[in-house]
Each structure stands twice: as C-alpha cells, then as structure tokens.
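The residues making up each chain are set out below.
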Amino acid sequence: MGFRLTTRGLTAAAVLLTVVVVGIGVALAATSTPQFCALCKSHVPYVEEYKKSAHSDVNCEQCHSKPGPFFFLTAKLEALQQPIAQITGDYEKPILGYVLNQSCRRCHNNDLLFHPVSKNGIRVQHKHLIEAGFLCMRCHSTQAHGTAVPEGSRTYPSMDQCLICHNNEYRAPDGQVATSRCDLCHTLRDYGAVPATHKEPDWPTRHGAVGILSTCSACHIKKDACSKCHNGILMPHPTAWISKHGLTVDERGDSKACDQCHDTKQYCRTCHQVRMPHPADWIPAHPVVTAQKGAETCFNCHVLANCQACHEQHQSGEPRAHKLLGGVKYSLPPTPAPTSSPISGGG
Ligand code: HEC
Ligand code: HEC
Ligand code: HEC
Ligand code: HEC
Ligand code: HEC
Ligand code: HEC
Ligand code: HEC
Ligand code: HEC
Ligand code: HEC
Ligand code: HEC
Ligand code: HEC
C-alpha cells in the first residue's frame with residue numbers, strides 16, 4: 001500500500017474531517033428548524049398553530065425526539081423517510097402524535113412540577129400524578145398545536161382526571177389519601193356544585209356507562225348515595241367483589257337485583273358454566289367437566305399457568321390433558337415459557 005503519514009496528508013485529512021463534521025452539523029441544524037418541518041404539506045397546520053402557542057420558541061425536536069444524542073440521530077433517520085411518505089401519500093391520516101413525558105420534562109422538571117402551581121383558577125400538584133405514571137398528553141395534548149390536533153385526541157386538564165384519585169379513597173404510595181375538598185384545587189369560586197356531565201339528558205340512566213365510576217365518591221359520600229336506586233347493591237362494586245358477589249346473591253336468595261344492569265342469563269354464564277365454588281371432589285371430577293364444557297370455560301377465570309402448576313409435572317407421555325389444552329385459544333397474559341420448551345411468538 002502506498003499510504004504514508006506525512007504532515008501534509010494529516011493536515012488535508014484534518015481539514016476534510018472538519019468540513020464533514022461541520023457539514024453534518026449544519027445539515028442537522030438546518031433540518032431542525034420549524035421552517036424545514038413546514039416543508040411537509042401535512043405539517044403546515046401544525047406549524048401554524050405552533051407559532052401561536054406558548055411553545056413557539058421551542059424547537060420541534062425538543063418534543064418530538066427522546067432526550068439524548070443517540071435518540072436525536074435515530075429520530076433524524078426516521079424523519080428521512082418523511083419526504084418520501086409525503087410524496088407517495090403513504091402516511092396515516094389523521095396523523096397522530098405521541099410525545100413522551102421525558103421530552104416534556106427536559107424543561108418542565110421536578111423543581112417546577114413537584115410544587116403546587118395555580119393557573120386559570122385551578123391549583124395543581126403534579127407530583128403524585130407523575131409518579132403514578134400519568135402521561136402529560138392525557139391533559140396537555142394541545143400545548144403546541146392547539147386545534148390542529150385532531151378532535152379525538154385533543155385533551156385539556158379536566159376534573160375527571162383529577163378525581164380518579166381525589167375521591168377520598170385513593171392512597172398514594174407515601175400513604176397520603178387524596179381528598180376532594182373543592183377548594184384544594186379551585187382557587188376561584190366560579191364553579192357550580194354539579195358537574196357538567198350531570199346535565200346531559202341521558203345522565204339519569206347512562207351515568208354508569210359514561211361516567212368514570214371511581215370519581216363518583218369524590219362528591220357522593222353518603223353510604224347509600226348510589227345503592228338507594230340500585231337495590232342496595234354497592235356501586236361501583238367494591239374491590240373484593242369477585243369473591244364476595246356470590247355471598248350477596250346467596251343472602252338474597254336470587255339474582256334479581258343484578259338484572260338492573262346485567263343480562264343475568266348471558267353475563268353470569270361467561271364465568272358460571274362450572275359450579276362455584278368448585279365442589280369438594282373437584283380434582284377427580286374436573287377432567288369430565290372439562291371434556292363436557294370445553295377448556296375455554298376454565299379460562300374465563302384461570303390462566304394456563306394455573307393448570308400447568310399440576311399438569312406440567314407430566315409433560316412426557318402425551319396425556320390427553322395436553323391435547324385438550326393445546327387446542328385452546330386463549331388471550332390471557334402469556335405464561336413464562338418452561339425452560340425445557342422455549343415458546344416463541346404467541347403474544
Ligand atoms: C411542546 C412540545 C411540542 C413541540 C415544541 C412541537 N410539537 Fe408537534 N406535537 C406535540 C404533541 C403533544 C403532539 C400530539 C398531539 C396529538 O395528541 O395528536 C404533536 C403532534 C405533531 C404532529 C402530528 C403527529 C406526528 O407525529 O406526525 C406533527 C406533524 C407535529 N407535531 C409537528 C411538529 C412540528 C413541525 C413542530 C415544530 C414546528 C412541532 N411539532 C413542535 C408536541 C410538540
Ligand atoms: C424546550 C423546553 C420545553 C419543552 C420540551 C416543553 N416545554 Fe412547555 N413550556 C416551555 C416554555 C419556555 C413555556 C413558556 C413558559 C412561560 O411562559 O412561563 C412552556 C409553557 C408550558 C405550559 C403553560 C402554557 C401556557 O399557556 O402558559 C404548559 C402546560 C406546558 N408548557 C406543557 C408542556 C408539555 C405537556 C410538554 C411536552 C409535550 C412541554 N411543555 C414541553 C418549555 C418547554
Ligand atoms: C391529570 C391532568 C394533568 C396531567 C397528566 C399533567 N398536567 Fe400539567 N397541568 C394540569 C393542570 C390542571 C394545570 C393548571 C391549570 C391549567 O393550566 O389550565 C397544569 C399546568 C401545567 C403547567 C403550567 C404551569 C405554570 O406554572 O404555568 C405546566 C408547565 C405543566 N402543567 C406541565 C405538565 C407536564 C410536563 C406534564 C407531564 C409530566 C403534565 N403537566 C401533566 C393538569 C395536568
Ligand atoms: C395519581 C393520583 C392523583 C391524581 C391523578 C391527581 N392527584 Fe392531586 N394529589 C394526590 C395526592 C395523593 C395528594 C396528597 C394528598 C392531598 O393533599 O389530598 C395530592 C395533592 C394535591 C394538591 C395539594 C398539594 C399541596 O401540597 O397542597 C393539589 C392542589 C392537587 N393534588 C391537585 C390536583 C389536580 C388539580 C389534579 C388534576 C389535574 C390532581 N391533583 C390529580 C394524588 C393525585
Ligand atoms: C383535585 C382537584 C379538584 C377538586 C378536589 C375539585 N375540582 Fe372541580 N375541577 C377541577 C379541574 C381541573 C376542573 C377543570 C377546570 C376547567 O375546566 O377549566 C374542574 C372543574 C369543575 C367544574 C366545571 C367543569 C365540570 O366538569 O363540570 C365544576 C362544576 C366543579 N369543578 C365542581 C367541583 C366541586 C363542587 C368540587 C368539590 C366537591 C370540586 N370541583 C373539586 C379540579 C378539582
Ligand atoms: C336516582 C336514582 C339513581 C341514583 C342515585 C344512582 N343511579 Fe345508577 N342508575 C339508575 C338508573 C335508572 C340506571 C339505568 C338502569 C337501566 O339500564 O335500566 C342506572 C344505571 C347505572 C349503572 C349501569 C350503567 C350501564 O349501562 O351499565 C351503573 C354502573 C350505575 N348506575 C352506577 C351508579 C353510581 C356509581 C351511582 C352513585 C354515584 C348511581 N348509579 C346512583 C339510577 C340511579
Ligand atoms: C363534583 C361533584 C360530583 C361528582 C364528581 C359526581 N356527582 Fe353526581 N351529583 C352531584 C350533585 C351535587 C348532585 C345533585 C344533588 C343531589 O341530588 O344529591 C348529583 C346528583 C347525581 C345523581 C342524581 C341523584 C338523585 O338522587 O336524583 C346521580 C344519578 C349522580 N349524581 C351520579 C353520579 C355518578 C355516577 C358519578 C360518577 C361517575 C357522579 N355522580 C359524580 C355531584 C357530583
Ligand atoms: C368474572 C367472572 C364471574 C362473573 C361474570 C360472575 N361470577 Fe359469580 N363467581 C365467580 C367466582 C370466581 C366465584 C367464586 C368466588 C370464590 O369462591 O372466591 C363466584 C361465585 C358465585 C356464587 C357463589 C357460589 C355459588 O355458585 O353459589 C354465586 C351465587 C355467583 N357467583 C353468582 C353470580 C351471578 C348471579 C352472576 C351474574 C350477575 C355472576 N356470579 C357473575 C366469578 C364470576
Ligand atoms: C347498577 C348496575 C349494576 C348492578 C345492579 C350490578 N352490577 Fe355487576 N357490574 C356492573 C358494572 C358496570 C360492571 C363492570 C364494572 C367494572 O368494569 O369495574 C359490573 C361487573 C360485575 C362483575 C365482574 C367483576 C370483575 O371484577 O370482573 C361481577 C361478577 C358482577 N358485576 C356481579 C354482579 C352481581 C352478582 C350483581 C347482583 C347481586 C350485580 N353485579 C349487580 C354493574 C352492576
Ligand atoms: C368462575 C371462575 C372459575 C371457573 C369458570 C373455573 N374455575 Fe377453577 N378455580 C376457580 C377459583 C376461584 C379457584 C380457587 C378456589 C380455591 O382457592 O378454593 C379454582 C381452583 C381450581 C383448581 C384447584 C383446586 C384445588 O383444590 O387446588 C382446579 C384444578 C381448577 N380450578 C380447575 C378448573 C377447571 C378444569 C375448570 C374448567 C372446567 C375451572 N377450574 C373453571 C375459579 C374458576
Ligand atoms: C391441583 C392440581 C391440578 C390442577 C391445578 C389442574 N389439574 Fe387437571 N388433572 C389433575 C389430576 C391429578 C388429573 C388426573 C385426574 C384423574 O385421572 O383422576 C388431571 C386430569 C386432567 C384432565 C384429563 C386428562 C386425561 O388424561 O384424562 C384434563 C382435561 C385436565 N386435567 C384439565 C385441566 C385444566 C383445563 C386445568 C386448569 C384449568 C387443570 N386441569 C388444572 C390435576 C390438576
């Protein structure tokens with residue numbers, strides 16, 4: 001090879017390298033401006049709204065890439081496909097965006113968000129909701145793009161989102177119970193006593209289907225507030241309901257009270273094709289019942305791992321149980337694959 005290190009060669013190489021590095025830098029910077037992003041037809045309304053927003057000084061990529069130089073570059077590589085998609089029209093419409101909390105929190109850090117802030121008549125404390133994993137998008141999806149955000153995914157801070165926790169029942173990991181005293185959050189006395197939802201015409205009958213049931217106890221604190229209309233059945237059903245509802249039905253002697261909301265013929269059968277609790281002779285009896293009803297019925301309550309707890313001991317020899325189980329289509333969480341037979345795919 002005819003290469004030799006000379007001073008001139010080194011200088012030339014250094015100059016070349018500098019040109020390349022600066023070139024890439026300029027290219028990255030140039031393709032990071034709102035003007036560049038606005039070249040994409042589909043981005044125009046987004047950019048127009050952005051210019052009017054509180055974030056008009058924030059670079060697009062501050063929100064639209066994960067923090068860190070590596071993610072900045074992957075975002076660039078992904079974005080390279082955009083012009084092609086724009087020409088071919090090969091992109092999803094309406095375009096839906098997704099911004100990670102990490103991106104917002106580059107600027108809105110704990111120092112700012114972990115203390116109560118008051119704004120627009122509302123006092124908010126972000127600490128607990130961030131720790132519980134709430135996405136910023138859940139309340140602030142319109143921050144940068146206002147009404148350019150498609151209607152379905154526009155979100156603003158709403159009381160429901162707060163009362164999911166501030167219902168006098170939720171307890172944070174630090175032990176604090178989130179209370180619903182109105183003036184904890186409302187700094188102005190400009191709100192009514194009854195939420196807007198209640199004024200919708202179908203509220204008297206549809207409140208259970210359209211309302212978020214965990215928010216009701218924020219205001220309906222009397223023990224019989226709901227049960228007075230619901231035949232004495234507690235609403236929403238209490239936490240241990242799955243193991244307690246049988247007792248309620250047994251005490252009443254029938255399931256009439258359940259009719260108000262459940263189609264008892266269909267609904268109860270989804271689980272109750274098998275006698276509950278399982279009878280005393282269940283271990284010897286369950287093979288016959290499984291053959292009669294089909295193993296699908298078992299998976300209304302069980303996951304495969306429940307069966308494998310016993311049945312896996314007998315993997316060799318092809319017992320009939322495994323043929324039965326093998327044919328089952330179930331959508332419960334996948335069980336950890338036994339080490340001896342690695343299962344791939346599934347999902
Ligand atoms: C303050 C953070 C923020 C900034 C800055 C920002 N965006 Fe967004 N962007 C969002 C959020 C949040 C959404 C998702 C809205 C939704 O729910 O659909 C979004 C959605 C979009 C979408 C639709 C979905 C997608 O991913 O293709 C486009 C296009 C878009 N932004 C372009 C831009 C452009 C161009 C800029 C710079 C001019 C910019 N954004 C700056 C937060 C931001
Ligand atoms: C690069 C820094 C940066 C990023 C990233 C960022 N913001 Fe901001 N945000 C700002 C600045 C600057 C303001 C204006 C502050 C002011 O006016 O006091 C602001 C203002 C706000 C406001 C108040 C808006 C108003 O009308 O006064 C909200 C809410 C907000 N940001 C939420 C978000 C959310 C949600 C995200 C992520 C989708 C985000 N921000 C990403 C810098 C950022
Ligand atoms: C459950 C709803 C909810 C979620 C989730 C949420 N916020 Fe807020 N945020 C509010 C409310 C309520 C306000 C104050 C009232 C308003 O701005 O209208 C607020 C205000 C703000 C402000 C303005 C503060 C000021 O001093 O001007 C910023 C910035 C902000 N939020 C950032 C964020 C970020 C970043 C995230 C995600 C980590 C986030 N928020 C998640 C409800 C929420
Ligand atoms: C993940 C559960 C959760 C969500 C969602 C939530 N909070 Fe809280 N919040 C708490 C807990 C727990 C406390 C501490 C106990 C208390 O003060 O009630 C608290 C405290 C507060 C405080 C008192 C802070 C102080 O130090 O004085 C305010 C104000 C507040 N939240 C407002 C809001 C608003 C407004 C929303 C909706 C935008 C909201 N919270 C959503 C759990 C939550
Ligand atoms: C944990 C915080 C929090 C508590 C506690 C709270 N609110 Fe709210 N409330 C909000 C937020 C956030 C909004 C939305 C503000 C907006 O629309 O600008 C709101 C909006 C409202 C509205 C108008 C919008 C709607 O959904 O109907 C009414 C009415 C209201 N609150 C009544 C009450 C009453 C009455 C209490 C006390 C029993 C109460 N709030 C307690 C946070 C709270
Ligand atoms: C004034 C009487 C009344 C009160 C009080 C009442 N409900 Fe209802 N509720 C009804 C009626 C009527 C229906 C509709 C039953 C039907 O579909 O025929 C209903 C239906 C429901 C449903 C079933 C909705 C569905 O479509 O599946 C739920 C869940 C529910 N209510 C929860 C509650 C909760 C939680 C409370 C307390 C915060 C409450 N209800 C208070 C009268 C009431
Ligand atoms: C911010 C407070 C607040 C929240 C949250 C709230 N309610 Fe109410 N609700 C009221 C007030 C106030 C009334 C009217 C006063 C009354 O009759 O008790 C009412 C009345 C009702 C009524 C009619 C009661 C009757 O006796 O005629 C029903 C049904 C109802 N609410 C269901 C619900 C359900 C279901 C939820 C949860 C999804 C809910 N409410 C959440 C404040 C609230
Ligand atoms: C999601 C599955 C599921 C649904 C749906 C379901 N159940 Fe149950 N049920 C169970 C389980 C599990 C048990 C056993 C609980 C225990 O013993 O810990 C049980 C036990 C019972 C019992 C007591 C045992 C017995 O047979 O006497 C009765 C009665 C009962 N359920 C009635 C009903 C009625 C009525 C409905 C419909 C309104 C219903 N169940 C819907 C899962 C369900
Ligand atoms: C006022 C309406 C209403 C009445 C009355 C009612 N339920 Fe329900 N029930 C519901 C709703 C709504 C759900 C779904 C709740 C959810 O997703 O948390 C549900 C869920 C259930 C579940 C499934 C719980 C789980 O964890 O999967 C069982 C079991 C059940 N109900 C049994 C009964 C029985 C038994 C009765 C009569 C004693 C009854 N319900 C009366 C509305 C009602
Ligand atoms: C309605 C829900 C439900 C259905 C449907 C159901 N099971 Fe169960 N099964 C349970 C519960 C709950 C337990 C735990 C009972 C206990 O701890 O006493 C259990 C326990 C078992 C046990 C362990 C018994 C023991 O003594 O250790 C076996 C075996 C079993 N089920 C097999 C089946 C088979 C096979 C089917 C289908 C034919 C089936 N189950 C359907 C809820 C159900
Ligand atoms: C507590 C241990 C245990 C659990 C859990 C268990 N089984 Fe079994 N299973 C057995 C025993 C023991 C036999 C053999 C019974 C006999 O022949 O008397 C058996 C046999 C069977 C058979 C018949 C096999 C044959 O070759 O005839 C089927 C089908 C079956 N089980 C299905 C299930 C299903 C489905 C589940 C889960 C929902 C389950 N089993 C959970 C212990 C268990």
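Please refer to the structure placed before this passage.
Residues numbered from 1 in each chain as written. Chains lettered and ligands numbered in written order. Predicted model: local features only at pLDDT ≥ 70, side-chain atom pairs only at ≥ 80, totals over all residues. Heavy atoms only, no water.

**Q** Before we go on, may I ask you to explain the coordination of the iron atom of ligand 8 in this structure?
**A** Note on metal geometry: ideal angles are 109.5 degrees for four donors arranged tetrahedrally and 90 or 180 degrees for six donors arranged octahedrally. Protein-derived ligands of the iron atom of ligand 8 are His245 (NE2) and His272 (NE2), with the metal-ligand distances lying across 1.9 to 2.0 Å. Considering all 6 donor atoms around the iron atom of ligand 8, angles at the metal cover 87 to 178 degrees and the coordination shape is octahedral. With His245 in helix α14 (residues 241-252) and His272 in the loop between α16 (264-271) and α17 (282-293), this residue pair connects regions lying 27 residues apart in the sequence. (Donors = N, O, S within 2.8 Å, 3.2 Å for Na, K, Ca; no water. Tetrahedral: all angles 85-135°; square planar, octahedral: opposite > 155°, others 65-115°. Helix = DSSP H or I, 4+ residues; strand = E, 2+ residues; numbered from the N terminus.)

**Q** Can you help me understand the packing of aromatic side chains in this one?
**A** This structure, assessed with the given rule, holds 0 aromatic pairs. We note Arg138 situated over the ring of Phe134; from NZ or CZ to the ring centre the distance is 4.2 Å. Here the guanidinium or amino end of Arg189 rests over the ring plane of Tyr191, the centre of that ring lying 4.2 Å away. (Phe/Tyr/Trp six-rings, centres within 6.5 Å; stacked < 30°, edge-to-face > 60°. Lys NZ or Arg CZ within 6 Å of the ring centre and 35° of its normal.)

**Q** I'm lost on the site of ligand 6 in this one. Help?
**A** As a matter of local geometry, ligand 6 sits amid 16 residues, with His207, Gly208, Cys226, Cys229 and His230 nearest to it. Between His207 and ligand 6, the recorded distance is 2.8 Å, taken from a side-chain N or O atom to a nitrogen atom. Taking His230, its side chain carries an N or O atom lying 2.8 Å from a nitrogen atom of ligand 6. Of the residues contributing to the shell around ligand 6, the split by class is 9 nonpolar, 6 polar and 1 charged. (Near = heavy atom within 4 Å. Polar contact = N/O pair within 3.5 Å; in protein donor to acceptor, adjacent residues only side chain to side chain. Nonpolar A, V, L, I, M, F, W, Y, C, P; charged D, E, K, R; others polar.)

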